[in-house]
Amino acid sequence: MTKIDGKSISFELYEIEKRHFGQPLVILESNHASSFDTWNKVINNLGENVPILAYDRAGIGNSDQFDESPTPENRTRQLKKLLEKLNLEPPYILVGHGWASILIKDFAMTYPESVEGMIYIDPVDESSSFEKMITIFNQEGWDGGKIANEFFELRKERFQQAPAGIKAEAQVMYEFAKGEKSNTKLYDFPEIPSAVLLGGNQESYMKNPFEPKLSVDYLQVVNLLQRHRISNLTDLILSQQDSEMIILSKYMHYLHLQEPEKIAESVRSKYFGDPAKKIISASQTYGPEDFQNYVEGLISYQPEGKLTEPQINMLGYDQLRRDQPEHAMVLFSYNLEQNPESANVYDSMGDGLVALGKTKEAIPYFEKAVKLGEKSQHRDLGIFKKNLASVSGEK
């Protein structure tokens, strides 16, 4: 427990002590009325060395209710304060189930530079909005306004006897979907690598949990809306880079309880990401010292073999082209440490030192590159010799 604005917030941290500089933190946001212990199976499947924050939003689970309305904007402010209180620096991977998909979007749109990836589990989309429902129902030849009103009244009645905190969030959800107090941009996806996981078995999930009475068959309504959800989310995900959508036809809404392995796999895909892109981005953000700390941390938690000697070498030369020789030397030095019998890494070290104006210091590296190149009959031996010759006159 910790306190935010004088209110108690329940949370759990995992693998935080091992977190490196620049290593992503996975933040788990539960669906409406759900406490963070619903994530236990996913947490277990994520394995070691994945830093995680799971918490109960204000008024949910074991966390106190705040005086302010639990709007997406206020939820973002509360999460930001919690992260600051716990000294949990970005970057973050945000994972949201159901209504929490709207909440993590608000956070990501407010702090886009802090978020590396998004995982949406059976998310809320525009087909659940009142106006969109009317359009969908009218297209079926139904009385769209009447049926949408009936559907929304059922949703509202469902939480009338709930605890105050849950009821307050349900009211915000209702007003958001009704369009009374909503930011329609939250139906879109922020430009961040994302994964969407949908349950396709909606019929078994929605077996009249509150004995709904509609002018048309309830399951027909639910399945119609689900088809529109899938179509809408497909269009949205196709407009994103480095993103994907997975439909689990066998399962329903609580995918993280039914298929925790698949949820964990999607989280890991965004958590590890593309290490080359991460390095390029870090080089544009950090000075040489922090960049070195970042690279060391990145390599420590990435799966073995994700970054090869040629890749690191290429990234080093990319830094030289960007006129950042000190950043390049971070990468060349790491490559040398890991591959001391490679002729190429010595030649690269020499190039890096020349770029720094340290020509004399570069000569032994070029000499070593030639020696190892001759021994292995390296295909670039001619280049190694040329590089050595170009600096030897300055010895």
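That block above? That's the structure.
Here is a short report on the structure shown in this document. (Residues numbered from 1 in each chain as written. Predicted model: local features only at pLDDT ≥ 70, side-chain atom pairs only at ≥ 80, totals over all residues. Heavy atoms only, no water.)

1. Concerning the overall build of the protein
Of regular secondary structure, the protein possesses 17 helices and nine strands. Overall, the C-alpha framework of the protein stretches about 90 × 50 × 35 Å when taken along its three principal axes. Looking at the protein as a whole, 51% of its 395 residues are labelled buried. Of the contacts made within the protein by residues no fewer than 6 positions apart, 70% connect residues no fewer than 24 positions apart. Accessible surface, the protein as shown: approximately 18500 Å² in total, 47% of it carbon and sulfur. Of note, the protein has its 43 positive side-chain charges centred 1 Å away from the centre of its 58 negative side-chain charges. (Helix = DSSP H or I, 4+ residues; strand = E, 2+ residues; numbered from the N terminus. Buried < 20%, exposed > 50% of the residue type's maximum accessible area, 1.4 Å probe, protein only. Contact = heavy atoms within 4.5 Å. Areas by Shrake-Rupley, 256 points an atom, 1.4 Å probe, with all protein chains shown as cover. Lys, Arg positive; Asp, Glu negative; His and termini not counted. Charge placed at Lys NZ, Arg CZ, Asp CG, Glu CD.)

2. Some details on the sheet that holds strand S3 (residues 11-14)
Hydrogen bonds between backbone atoms are what pair the strands of a sheet, whose relative direction is either parallel or antiparallel. Ordered by their spatial adjacency, seven strands build an open sheet running S3-S5-S4-S6-S7-S8-S9, and the pairing between neighbours is mixed. Of all strands in the sheet, those bounded by a partner on one side alone are S3 and strand S9 (244-248). Strand-to-strand, the axes of this sheet are offset by a mean angle of 15°, without reference to chain direction. Here strand S4 (residues 25-29) pairs with strand S6 (residues 92-97) via five bridges, running parallel. (Pairing = 2+ DSSP bridges. Axes fitted to C-alpha atoms, helices over the stretch in contact; angles between N-to-C directions.)

3. Details of the packing of helix H11 (residues 275-285) against helix H13 (residues 309-321)
Close contact between H11 and H13 brings their axes to 11 Å; oriented N to C, the two are set at 25°. Of the possible angle classes, the one that applies to H11 and H13 is roughly parallel. The two elements H11 and H13 cross, and the hand of that crossing is right-handed. Residue-level contacts link Ala-276, Ile-279, Ile-280 and Ser-283 of H11 to Leu-315, Asp-318 and Gln-319 of H13. A breakdown of the residues in the contact of H11 with H13 according to their chemical character gives four nonpolar, two polar and one charged. (Parallel < 35°, antiparallel > 145°, perpendicular 65-115°, else oblique. Left-handed = near helix turned anticlockwise from the far one by under 90°. Nonpolar A, V, L, I, M, F, W, Y, C, P; charged D, E, K, R; others polar.)

4. What to know about the pairing of S4
Most of S4 sits out of view: five of its five residues are buried. The side-chain alternation of S4 yields two buried faces, one formed by Leu-25, Ile-27 and Glu-29 and the other by Val-26 and Leu-28. This β-α-β element, S4 to helix H1 (residues 40-46) to strand S5 (residues 52-55), shows right-handed connectivity. (Right-handed = clockwise from strand over helix to strand, strands pointing away.)

5. With respect to the packing of aromatic side chains
Each aromatic ring pair is characterised by the separation of its centres together with the angle its planes make. Tallying each qualifying case throughout the model produces 15 aromatic pairs. Here Tyr-286 and Tyr-294 contribute two aromatic rings whose centre-to-centre distance is 5.7 Å and whose plane-to-plane angle is 40°, an arrangement assigned as tilted. Taking the relative accessible area as the measure of exposure, Tyr-286 reaches 23% and is therefore partly exposed. Classification of Tyr-294 as buried rests on a relative accessible area of 4%. Aromatic rings pair up to connect Phe-21, Tyr-286 and Tyr-294 into one cluster. Its guanidinium or amino end placed over the ring of Tyr-111, Lys-80 lies 4.5 Å from that ring's centre, counting from NZ or CZ. A cation over a ring is seen here: Lys-178 above Phe-130, with NZ or CZ 4.8 Å from the ring centre. (Phe/Tyr/Trp six-rings, centres within 6.5 Å; stacked < 30°, edge-to-face > 60°. Lys NZ or Arg CZ within 6 Å of the ring centre and 35° of its normal.)

6. Examining the pattern of salt bridges
Scanning the entire structure with this criterion turns up 14 salt bridges. The salt bridge involving Lys-277 is made with Asp-242; its shortest N-O contact spans 3.1 Å. Here the residue Lys-277 occupies a position in helix H11, and Asp-242 occupies one in the loop between helix H8 (218-238) and S9, the gap between them amounting to 35 residues. On the basis of relative accessibility, which here comes to 43%, the residue Asp-242 falls in the partly exposed class. Several salt bridges converge on common partners, so that one network encompasses Asp-5, Glu-68, Arg-77 and Lys-81. (Salt bridge = Lys/Arg side-chain N within 4 Å of Asp/Glu carboxyl O.)

7. Points about the nonpolar core
Residues Val-26, Leu-28, Trp-39, Val-95 and Ile-119 are the most contacted members of the largest nonpolar core, which totals 36 residues. With sequence-adjacent residues up to four places away left out, Trp-39 is seen in contact with Leu-28, Glu-29, Ser-30, Val-95, His-97, Ile-121 and His-256. In this structure, Leu-53, Tyr-55, Leu-79 and Ile-104 belong to the second largest nonpolar core, which totals 29 residues. (Core = buried A, V, L, I, M, F, W, Y, C linked by side-chain atoms within 4.5 Å.)

8. Focus on unusual backbone geometry
For the bond running from Pro-90 to Pro-91, omega is 15°, close enough to zero to count as cis. If you trace the backbone, Pro-91 turns up in the loop between helix H2 (72-85) and S6. The phi dihedral of Asp-242 falls on the positive side, at around 55°, and the residue is not glycine. Within the chain, Gln-377 stands out as a residue other than glycine whose phi angle is a positive 55°. As for its placement among the helices and strands, Gln-377 is situated in the loop between helix H16 (359-376) and helix H17 (381-392). By relative accessible area, which is 62% here, Gln-377 ends up exposed.

9. Side note on the side chain of Asp-122
With respect to the helices and strands, the residue Asp-122 is situated in the loop between strand S7 (115-121) and helix H4 (130-139). At a separation of 2.9 Å, a polar atom in the side chain of Asp-122 contacts the main-chain amide nitrogen of Gly-199. (Polar contact = N/O pair within 3.5 Å; in protein donor to acceptor, adjacent residues only side chain to side chain.)

10. Describing the environment of Leu-307
Residue position: Leu-307 is located in the loop between helix H12 (288-301) and H13. Along the backbone, Leu-307 and Asn-138 are 169 residues apart, and their C-alpha atoms lie at a distance of 54 Å. Once residues lying within four places of it in the same chain are set aside, the contact partners of Leu-307 are Pro-275, Ala-276, Ile-279, Leu-298, Ile-299, Ile-312 and Leu-315.

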